[in-house]
Amino acid sequence: MPDPAAGPARWSVGVFGRNEAARIGACLRAIARAAAEVRAEAVPHVTVLLNGTTDDSPALAAAALREAGLAGEVHQVPHADKSHALNLFLHELRPPATLYFCIDAYAEIWPDSLRHLARRLERQPEALAAAAVPSSGRSADALRQGMLRHSGLHGSLFALRATFVERLASAGLRLPIGLYRGDGLLGSFLLHDLDAAKGGWEGWRIAVEPAASWTTPRWQPWRWQDLRRHLHRLVRQGRGRLESAALRQAIYTDGFAGLPKDADAMLRDWIAADPRARRPKLWRDPFAWLALARLRHAAPPAPDQLRPRLVLRNEAA
């Protein structure tokens, strides 16, 4: 950990969510418990980015941040898009820090997760990021084993070295607006070391830490809100399958610098280049078919919908 004589390190925590009124308080309280575990070693600053939120999440996040005594800010972004929220955090809203943590607003991190991720990066100085593993959900075991075999990020909790974040920002690399698999593309940035042509694909650049994890509420299929979220996720995953193919072509043709600004436009252009082969069939992939149907009616967000609006700035207690 940092040299005590030099004072505690600065850690920056980004929290991302949409309509998480039921979970944002628990998420921030869990971060406060994790911050208390490392108070002598690091001073965390929390930036909450609520994108496309229409519930009481902003007010609840502001209240939880104050009650927990966490230094930080709450921002509301009208456009519903985590990839854009990640761009805002990494390029505009992050404070100076030695480590950057990213957490989903529905996740309740384990009390020692931040410390475990930080120590994993100390033990593996060549790694650019450290990833936590899931511990709840029907697919948690399979996802955890897959991450341990083949390094990657899970969007609910991971840490980035400040040096990597600064290089990313200096290179001007951003996730396309509207990209569902933004965490996966960020993982590709890491595994390629920001160079799709010459960086190779090296698993050691993401250190997976099995002692760092989080919990989420159990999904209940008889609850309409849970069922609606699940169906929405299936459609988004269908879109993600289309995105993966389009991204591979874009990345390995023009590199990361050639990534489009807008994921919707990327998908439309990719399908239009070979519609018979690339347009999803209803009977083969109904959720990708539904995602494409939605895409036909989607309009790009207005510039003012992409700008963050400050809800609260809170100083540490």
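To be clear, the structure that these remarks concern was listed above.
Overview of the structure. (Residues numbered from 1 in each chain as written. Predicted model: local features only at pLDDT ≥ 70, side-chain atom pairs only at ≥ 80, totals over all residues. Heavy atoms only, no water.)

Remarks on empty space enclosed by the protein
Phase 1: Applying the stated rule across the entire model yields 1 cavity of 30 Å³ or more.
Phase 2: Reported here for the largest cavity is a volume of approximately 40 Å³.
Phase 3: Along its surface, the largest cavity is lined by N87, L90, H91, L168, L173, R174, L175, L186 and F189.
Phase 4: Where the lining of the largest cavity is concerned, the elements lending two or more residues are α3 (82-93) and α7 (182-191).
Phase 5: Of the residues forming the lining of the largest cavity, the biggest block, 3 residues, is contributed by α3.
Phase 6: Residues that form the lining of the largest cavity fall into these classes: 6 nonpolar, 2 polar and 1 charged. (1 Å grid on protein atoms, 1.4 Å probe; cavity = no way out; pocket = protein on both sides within 12 Å on 5 of 7 lines; lining within 4 Å. Points joined across faces, edges and corners; volume = space filled by probe spheres on them. Helix = DSSP H or I, 4+ residues; strand = E, 2+ residues; numbered from the N terminus. Nonpolar A, V, L, I, M, F, W, Y, C, P; charged D, E, K, R; others polar.)

Considerations on the environment of A277
Phase 1: Topologically, A277 is positioned in helix α10 (residues 275-278).
Phase 2: Spatially, the C-alpha atoms of A277 and F101 are 40 Å apart, while their sequence positions differ by 176 residues.

Digging into the environment of V48
Phase 1: The topology assignment puts V48 in strand β2 (residues 42-51).
Phase 2: V48 sits in the buried class, given a relative accessible area of 0%.
Phase 3: Sequence-distant contacts of V48, that is, excluding residues within four places in its chain, are made with V15, I24, L28, A61, E73, V74 and H75. (Buried < 20%, exposed > 50% of the residue type's maximum accessible area, 1.4 Å probe, protein only. Contact = heavy atoms within 4.5 Å.)

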